[in-house]
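Each chain, written out:
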Amino acid sequence: MEPAITISNILNKSPTYSLNKNNIVVNIYPRIHFFSLDLSNNDGFIRHGSMGCSIKEAPIFVKISKSFKDKICSNIDISKIDNKINFTKIRDFLNVNNSWNVKIETTDNAIKNHVGIGLSTQIECAILWGCAMLSNKKLNIVDLYRYGIGRTSTLGLKLFFNPGLIIEFGLKTKNDIDTTIYNIENFPFNIDFFIPKNKHSLSGESEDKFWDKILPTSALSSYKISYDILYKLIPSIINVDFDTFSRTINQINSIGTKKYEEAIQHKKTTVLINECRKISSAAAISSMGPTTYLFTKKDTKTPCIEYDNSWRHYRYE
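Because the structure is predicted, anything quoted here is derived from the model rather than measured.

Asks: I'd like a rundown of the sheet that holds strand S13 (residues 189-196), residues and numbers included.
Replies: The 4 strands are arranged S14-S15-S13-S16 in an open sheet whose pairing can be described as antiparallel. Whereas interior strands pair on both sides, the edge strands pair on one side only; in this sheet they are strand S14 (283-285) and strand S16 (311-316). Ignoring strand direction, the axes of neighbouring strands in this sheet form an average angle of 20°. Relative to strand S15 (residues 292-297), S14 is paired through 3 bridges, and the arrangement is antiparallel. The partner of Ala-283 across the bridge, within S15, is Leu-294. Across the sheet, helix H9 (residues 267-279) lies against S13, S14, S15 and S16, angled at about 10° from S15, the strand it touches most.

Following this line, the structure appears as structure tokens:
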């Protein structure tokens, strides 16, 4: 099938879920964040925006039921997620008196927090949205943003409602999320990525200090990235032009924040990135790493990249 890019408004979309009288199961996925669009302060605020994809090979299931007491049971360590699950805040936001029992399950032991796969956002989205559904309230993406989800990056919030491969535009004003996305279907290239089993990225106060040092970026870099996306990246996907696509990914990452994000990586991550770039120039870390990705042509075999067993390898086809 030929690649296609459709523009849609996801304001009224719902995540994948199953609901019965007593409980709801919400399907969520970790995600890969390829690059940001606009991290300048050109409009008086940072718009964000990005390109990224859901890791559908590693689904997570969040099962929620009403209970007499709030409880979370998870086979993923959620003790260090960015925003602790606050059931009192959820009750106040929904204006209900319910309590909930939450069970989070994955079959993949490489999935964890602070490795560049957006786990905190997905879990928080699923719990808030699921609790609302069990309270006979259906929340949309704007509701979740107003609750406080997606203030640093809106990619995970949009992939919650629209899992797949997208280009999204962050915020439309300082206080409003943009609900328009470019949904990329039948993506013509492979994406290989490596999730670390042990290494972690910055989080909390150290992460805030990192971004405070490098943001905002220049308006010129954001203009260049926007130009490259419109005139090079999108046409290269539609025309299945891998050479132009890979050069454009490399160019976008060279003028964005990736060089700063890569500079703080552990030596093993730096070695892996360099190995990936021997295969493809379209390689970088997801978010702040250490998860690493690279693009290759569709007809290529799994690349023979040297990495030790402290990484889990995936292929997105």
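Now that the structure has been shown, we can carry on.
Asks: Could you give me a rundown of the side chain of Asp-178, with the residues and numbers involved?
Replies: When you line up the elements, Asp-178 lands in the loop between strand S11 (176-177) and strand S12 (180-185). For the buried Asp-178, no salt bridge is present, and the opposite-charge side chain at shortest range is Lys-158, 5.1 Å distant. For Asp-178, the side chain forms a polar contact with the main-chain nitrogen of Thr-180, separated by 2.8 Å. With residues near it in sequence (within four places) discarded, Asp-178 still touches Lys-158, Phe-169, Gly-170, Leu-171 and Lys-172.

Asks: Before we move on, can you summarise the sheet that holds strand S8 (residues 99-106) with the specific residues and values?
Replies: Pairing within the open sheet is mixed, and its 5 strands lie in the order S2-S3-S6-S8-S7. Edge strands, defined here as strands with exactly one partner in the open sheet, are strand S2 (17-19) and strand S7 (71-74). Adjacent strand axes in the sheet meet at a mean angle of 15°, parallel and antiparallel pairs treated alike. With 6 bridges connecting them, strand S3 (residues 23-28) and strand S6 (residues 60-67) associate as antiparallel partners. When the bridges of S6 are listed, Val-25 appears paired with Lys-63. The strands touched by helix H1 (residues 87-94) within the sheet are S7 and S8, with S8 carrying the most contacts at an inclination of about 120°. Where helix H2 (residues 119-134) meets the sheet, it contacts S2, S3, S6, S7 and S8, and its direction lies at approximately 155° from that of S3.

Asks: So what about the environment of Glu-2? Which residues, and what values?
Replies: Inspection of the secondary structure assignment puts Glu-2 in the segment before strand S1 (4-9). Between the alpha carbons of Glu-2 and Phe-187 there is a distance of 8.2 Å; along the sequence they are 185 residues apart. Beyond its immediate stretch of four places on either side in the chain, Glu-2 contacts Glu-185 and Asn-186.

Asks: Any chance you could break down the pattern of salt bridges for me, citing the residues and the numbers?
Replies: Inspection of every chain in the model, using the stated rule, returns 9 salt bridges. Note that Lys-158 is salt-bridged to Glu-168, the shortest N-O span being 2.8 Å. Residue Lys-158 is found in helix H4 (residues 155-161), and its partner Glu-168 is found in strand S9 (residues 165-168); the two are separated by 10 residues along the sequence. Each member of the pair Lys-158 and Glu-168 is classed as buried.

Asks: Can you break down the packing of aromatic side chains residue by residue, with the values?
Replies: All told, the structure shown has 17 aromatic pairs when counted by the stated rule. On the basis of an interplanar angle of 55° and a centroid distance of 5.0 Å, the ring pair of Phe-34 and Phe-295 is categorised as tilted. With Phe-34 in strand S4 (residues 31-38) and Phe-295 in strand S15, this pair connects stretches of sequence that are 261 residues apart. Exposure remark for Phe-34: the relative accessible area of 0% places this residue in the buried category. A connected cluster of aromatic rings, assembled from ring pairs, spans Phe-34, Phe-187, Phe-189, Phe-242, Phe-245, Tyr-293 and Phe-295. Over the aromatic face of Tyr-147 sits the side chain of Lys-89, whose NZ or CZ is 4.4 Å from the ring centroid. Here Arg-151 stacks its cationic end above the ring of Tyr-145, 4.1 Å away from the centre of that ring.

Conventions and cut-offs
- Residues numbered from 1 in each chain as written.
- Predicted model: local features only at pLDDT ≥ 70, side-chain atom pairs only at ≥ 80, totals over all residues.
- Heavy atoms only, no water.
- Pairing = 2+ DSSP bridges.
- Helix = DSSP H or I, 4+ residues; strand = E, 2+ residues; numbered from the N terminus.
- Axes fitted to C-alpha atoms, helices over the stretch in contact; angles between N-to-C directions.
- Contact = heavy atoms within 4.5 Å.
- Buried < 20%, exposed > 50% of the residue type's maximum accessible area, 1.4 Å probe, protein only.
- Lys, Arg positive; Asp, Glu negative; His and termini not counted.
- Salt bridge = Lys/Arg side-chain N within 4 Å of Asp/Glu carboxyl O.
- Polar contact = N/O pair within 3.5 Å; in protein donor to acceptor, adjacent residues only side chain to side chain.
- Phe/Tyr/Trp six-rings, centres within 6.5 Å; stacked < 30°, edge-to-face > 60°.
- Lys NZ or Arg CZ within 6 Å of the ring centre and 35° of its normal.

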